[in-house]
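# Structural characterization, general
In case you want the letters, here they are:
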Amino acid sequence: MFRRATLLVCLLTPGYGHACVDLITLGDAAQPPPGFSHLPYANPNAPKGGSMVLGAIGSFNDLNPFILRGTAPDSTLQIWQPLFKLSDTDSVTEYAELAQCVRVHGSAVTFTLNPKARFSDGTPVTGADVIWTYHTLITQGAPFYAAEYAQIASATAPDAHTARFILKPSAGPDTVFNLAGMYILPAHFWAHRDFAAPLKDIPIGSGAYRVVRADWGRRITYQLIPNFWARDIPADKGFNNFAHLTEIFVRDKAALNQAFRAGQIDAMVETSAQDWAHDYDFPAVRNGAVTRAVVPETLPAGMSGLVMNTRMPILADPRVRRALTLAFDFQWENRTLLGGDAIREVSYFSNTPMAATGLPMAGELALLAPFRATVPSAVFTRPFTLPVTDGSGYNLPELSAAMRLLTQAGWHIHNLVLVNRQGMPMRLEILLDDTADERLVLPYAHNLGLLGIKVTVRLLDATSYQARLADFNFDMTPADFPVSAYPGSEQAAYWGCAAASQPGSANLAGVCTPATDAMINAEITAADPAAKREAIHALDRLLLNGYYVIPWFYHNTQRLAWWQTRVAQPGIPLQTGHDFSLWWAR
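As a starting point, this report considers the structure included with it. Position labels on residues start from 1 in each chain and follow its written sequence. Restriction of local features to residues with pLDDT of at least 70 applies here, the model being predicted, together with a cutoff of 80 or more for giving and counting side-chain atom pairs; totals for whole chains, interfaces and linings are based on all residues. For side-chain calculations, the full set of non-hydrogen atoms in the structure is used, while hydrogens and water are omitted.

The next point concerns the overall build of the chain. Under the scheme used here, helices are H or I runs from DSSP no shorter than 4 residues and strands are E runs no shorter than 2 residues, and both carry numbers assigned from the N terminus. Looking only at helices and strands, one finds 17 helices and 25 strands in the chain. Taking 586 residues into account, the globule formula puts the C-alpha radius of gyration at 25 Å, and the chain, at 24 Å, falls close to it. The dimensions of the chain, computed from C-alpha atoms along their principal axes, are 70 × 65 × 45 Å. When the 586 residues of the chain are sorted by exposure, 56% land in the buried category. Residue contacts follow a heavy-atom distance rule, with two residues in contact if any of their heavy atoms lie within 4.5 Å. Restricting the contact set of the chain to residue pairs at least 6 apart, pairs at least 24 apart contribute 72%. Where accessible areas are quoted, they stem from the Shrake-Rupley method and a 1.4 Å probe; at the residue level, only the protein chains shown are allowed to cover. Roughly 23,600 Å² of accessible area belongs to the chain as shown, and the carbon and sulfur atoms make up 55% of that amount. Placing the 44 positive and 50 negative side-chain charges of the chain at their respective mean positions leaves the two points 1 Å apart. Radius of gyration here is computed from C-alpha atoms only, and the compact-globule reference equals 2.2 Å multiplied by the residue count raised to the power 0.38. Relative accessibility decides the category of a residue: with a 1.4 Å probe and only protein chains considered, values under 20% of the type maximum give buried, values over 50% give exposed, and everything between is partly exposed. Only four residue types enter the tally: Lys and Arg on the positive side, Asp and Glu on the negative side, with His and both chain ends excluded. Just so you know, the charge point we use is NZ for Lys, CZ for Arg, CG for Asp and CD for Glu.

Let's shift gears to the packing of helix α7 (residues 318-326) against helix α11 (residues 396-408). Put simply, α7 and α11 touch, their axes get as near as 8 Å, and they point 165° apart. As the angle between them shows, α7 and α11 are arranged roughly antiparallel. Remark: the crossing between α7 and α11 carries left-handed chirality. Contact residues: α7 offers Arg319, Val320, Arg322, Ala323 and Leu326, while α11 offers Glu398, Ala401, Ala402, Leu405, Leu406 and Gln408. Just so you know the grouping, Ala, Val, Leu, Ile, Met, Phe, Trp, Tyr, Cys and Pro go in nonpolar, Asp, Glu, Lys and Arg go in charged, and all remaining residues, Gly too, go in polar. Residue classes in the contact of α7 with α11 are distributed as 7 nonpolar, 1 polar and 3 charged. Axis definition: a line fitted to C-alpha atoms, limited for helices to the stretch in contact. Angles are taken between N-to-C directions and run from 0 to 180 degrees. Oblique is the label for every angle not falling under 35 degrees (roughly parallel), over 145 degrees (roughly antiparallel), or within 65 to 115 degrees (roughly perpendicular). Each crossing gets its hand from how the near helix is turned against the far one by less than a right angle, where anticlockwise is left-handed and clockwise is right-handed.

All right, on to the pairing of strand β9 (residues 209-215) then. Only strands that DSSP links by at least two bridges are regarded as paired with each other. Two strands pair when backbone bridges link them, and β9 and strand β10 (residues 219-224) are joined in this way by 6 bridges, in the antiparallel orientation. Of the residues in β10, the one forming a bridge with Val211 is Tyr222.

Okay, helix α16 (residues 514-524) next. Structurally, the α-helix is built with 3.6 residues per turn, so residues lying three or four positions apart point the same way. Buried residues of α16: Ala515, Thr516, Met519, Ile520, Ala522, Glu523 and Ile524, and no others. Each element contacted by the buried residues of α16 is listed here: α3 (173-180), α9 (362-368), α14 (490-495) and α17 (529-546).

This brings us to the sheet that holds strand β13 (residues 290-296). The strand order across the open sheet formed by 3 strands is β12-β23-β13, and the pairing between neighbours is antiparallel. Each end of this open sheet is capped by a strand with a single partner; those strands are β12 (267-270) and β13. Averaged over all adjacent pairs, the angle separating strand axes in this sheet is 25°, with direction ignored. With 7 bridges connecting them, β13 and strand β23 (residues 557-563) associate as antiparallel partners. Residue pairing in the sheet places Val290 in a bridge with Trp563 of β23. With respect to the sheet, helix α4 (residues 253-261) is in contact with β12, β13 and β23, its orientation differing from that of β12 by roughly 140°.

Here we take up the state of the cysteines. Note on terminology: pairs of cysteine sulfur atoms within 2.5 Å are recorded as disulfides. For the coordinates displayed, the defined rule picks out 2 disulfides. Between the sulfur atoms of Cys20 and its disulfide partner Cys101 the distance amounts to 2.0 Å. Linking Cys20 and Cys101, the disulfide has an S-S dihedral of approximately 85° and is accordingly described as right-handed. Here Cys20 is found in the segment before β1 (23-25), whereas its partner Cys101 is found in strand β5 (residues 99-105), with 81 residues between them in sequence. The exposure class assigned to Cys20 is buried, which follows from its relative accessible area of 14%. Here Cys101 falls in the buried class, since its relative accessible area comes to 6%. Shown here is the disulfide that connects Cys497 with Cys512, its sulfur atoms set 2.1 Å apart. The chirality of the disulfide connecting Cys497 with Cys512 is right-handed, given an S-S dihedral of about 105°. In this pair, Cys497 is assigned in helix α15 (residues 497-500) and Cys512 in the loop between α15 and α16, connecting sequence segments 15 residues apart. Cys512 gets classed as partly exposed once you look at its relative accessible area, which sits at 44%.

Our focus in this paragraph is the nonpolar core. Note on soluble globular proteins: their nonpolar side chains tend to be buried together. Among buried residues, the Ala, Val, Leu, Ile, Met, Phe, Trp, Tyr and Cys ones that are joined through side-chain atoms within 4.5 Å form a nonpolar core. In this structure, Met52, Leu83, Phe84, Phe111, Phe165, Met182 and Trp583 are the most contacted members of the largest nonpolar core, which totals 84 residues. When near neighbours in sequence (up to four residues on either side) are disregarded, Leu83 contacts Tyr95, Ala96, Glu97, Leu98, Ala99, Phe111, Leu113, Val130, Leu179, Ala180, Met182 and Ile184. Counting 39 residues, the second-largest nonpolar core is a separate cluster that includes Phe371, Phe472, Ile520 and Leu542.

Here the focus is the layout of surface pockets. Looking at the second largest pocket, its volume works out to about 350 Å³. The method works on a 1 Å grid over the protein atoms by themselves. A cavity is a set of points holding a 1.4 Å probe that cannot get out, a pocket is an open set with protein on both sides within 12 Å along at least five of seven lines, and residues with an atom within 4 Å of a point line them. Pro318, Val375, Pro376, Asn545 and Gly546 are the residues nearest the centre of the second largest pocket, which is lined by 20 residues in total. Every element with two or more residues in the lining of the second largest pocket is listed here: α7, α16 and α17. Ranked by residues supplied to the lining of the second largest pocket, first place goes to α7 with 4 residues. Classifying every residue of the lining of the second largest pocket by side-chain character gives 11 nonpolar, 5 polar and 4 charged. Grid points are joined across faces, edges and corners, and a volume is the space filled by probe spheres set on the points.

Further remarks concern the side chain of Thr576. Relative to the helices and strands, Thr576 resides in the loop between β24 (567-568) and β25 (584-585). The exposure class of Thr576 is buried, given its relative accessible area of 18%. If sequence neighbours within four positions are ignored, Thr576 has contacts with Asp88, Glu297, Leu299 and Gln558.

Structure (structure tokens):
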């Protein structure tokens, strides 16, 4: 049973931390009652056994999802466990999993491992494995990890069941939260392997599943580990119910839909409103073998959209980036392509209290004041807005405003082509790795063509695409920048100067200004939630008025379809919309 112990945002308050606690929260979310035996959204009596097949678009050539090179299936993360497991019903709560509990005392954060914890080969999980994982991720893993754990001063393993981290004075409570979410890897497996190279061998994990077959680029199959050590701990009871899980990879969305209709896939999340309306009138739906449901999704939305790479000379001018933003007709795309239910993102922290609204308040102004001469005046003088068209597809007022900005930036029309003062045409390449994005990008490329801009939309395979992004060799590309309700050091990875110059980083836009760095530092080191919120609001205003991303949209629902003759699910609302690890076989 879990003790009723909660680690709140007062994590780093001097004198706190004498208890070793098994639940971490950064907010005021409702928690399970004292002594709970399972998470309330899991079915503790779910039967074990059977199989489930899911589908994905793309390919894979690697089984290590923690590195920059190679393309690993997202599903491989289930091979490993984190120290603490993230809740499915709020983004700021975690429950003890590999760790039995955590103690924070001053700047020291000490994780005590569950003595029953085992890797898939039966080897005990030790404190040395935790420390090895930490050091390996920050030195050889994807650049994101170095930013994620940048507030760690040192790490040691006092004994086999303990891992201790010393935080820097600037660390905030989200640092502990991020550490707790770290997946733990077996040091002995990597002893004679190159961690930074794509992994072709079957990995040893710490999670409920192990890989039993990998048909490169086409299919991967996982097997539930018999008598998995954590199957009955409260955080895992009712999870990981299938004896076998298979993920098949297809070339595009049409092939994915066809595979589902043919019964080759058991369940899927339908991302297309058009397909949801038109592609589900087939016999299995009509006779009840396939069930459809629209379920709520309340996750923080963050920001998604077309990132503009400011390292490219054409996109270095914010007037050009603003003009390109004006040319995107969201209302038309929402009406014709998205089913009319998409919600436009008007913040880098959409669907959270951290989203900036109105004009800056006193605390924000105090943070921004030293940079008044170097940031856009609109940060201080007007609330940020995006254009709202009539949805007819004739967004001439917005295109006219865009042309005025381009003219101010030194561009003009010559023989129906937009050229600069030297007569060089504006050429942009929009890089994609998913055919589903083409339907959003191609109408936008048409609008840019009306401005005289020559646009190439290029679709690449996953490996080539990732290589181009890692080298920042692109003009524009779709990207997501997810957040929790309590943003933290990941903002440095997205928008910080250090990340801007680091190949493979998440700072795709190349954002690097003293003002954004200062706001990121202020939110990371904030002494309390109110100060954190002020710094995030100020950062949001800087990013919005910098026009680094052409915002897309989010949904507050998910469209699920599944063969109910084969698989079942608890039917309890989740912030994540769905979690297939809670489902079971009929």
